[in-house]
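# Structural overview for review
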Amino acid sequence: MNATKRIIVREEVWAALSSMRKPGMTFSELIEEMIEHEKKRRLVEDIRRIQETEELVEIPL
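Conventions used here
- Residues numbered from 1 in each chain as written.
- Predicted model: local features only at pLDDT ≥ 70, side-chain atom pairs only at ≥ 80, totals over all residues.
- Heavy atoms only, no water.
- Helix = DSSP H or I, 4+ residues; strand = E, 2+ residues; numbered from the N terminus.
- Phe/Tyr/Trp six-rings, centres within 6.5 Å; stacked < 30°, edge-to-face > 60°.
- Buried < 20%, exposed > 50% of the residue type's maximum accessible area, 1.4 Å probe, protein only.

## Some details on the environment of Val-57
With respect to the helices and strands, the residue Val-57 is situated in the segment after helix 2 (27-53). Between the C-alpha atoms of Val-57 and His-37, which are 20 residues apart in sequence, the distance is 30 Å.

This is the structure:
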């Protein structure tokens with residue numbers, strides 16, 4: 001289902017988002033791209049935290 005939802009943002013947030021869009025890009029596409037970027041950033045952050053705090057054991061294959 002492809003429902004349209006509205007979200008309320010401040011004028012300055014809308015302006016900042018607008019300036020980040022590539023030509024022809026919808027706000028939905030921009031937000032999807034931002035979500036994927038954040039997911040990758042969090043994954044890298046989690047991996048670094050684990051490497052720094054956990055004792056890792058090599059598993060022979």
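We are not done yet, so read on.
## As for the packing of aromatic side chains
By the definition in use, this model includes 1 aromatic pair. Judged by centre distance (6.2 Å) and plane angle (35°), the rings of Trp-14 and Phe-27 are tilted. A residue pair is termed long-range when its members are at least 10 positions apart, and Trp-14 in helix 1 (residues 11-20) and Phe-27 in helix 2 qualify at 13 residues. Residue classification places Trp-14 among the partly exposed positions, given a relative accessible area of 45%. Take Phe-27: its relative accessible area is 27%, and that puts it in the partly exposed class.

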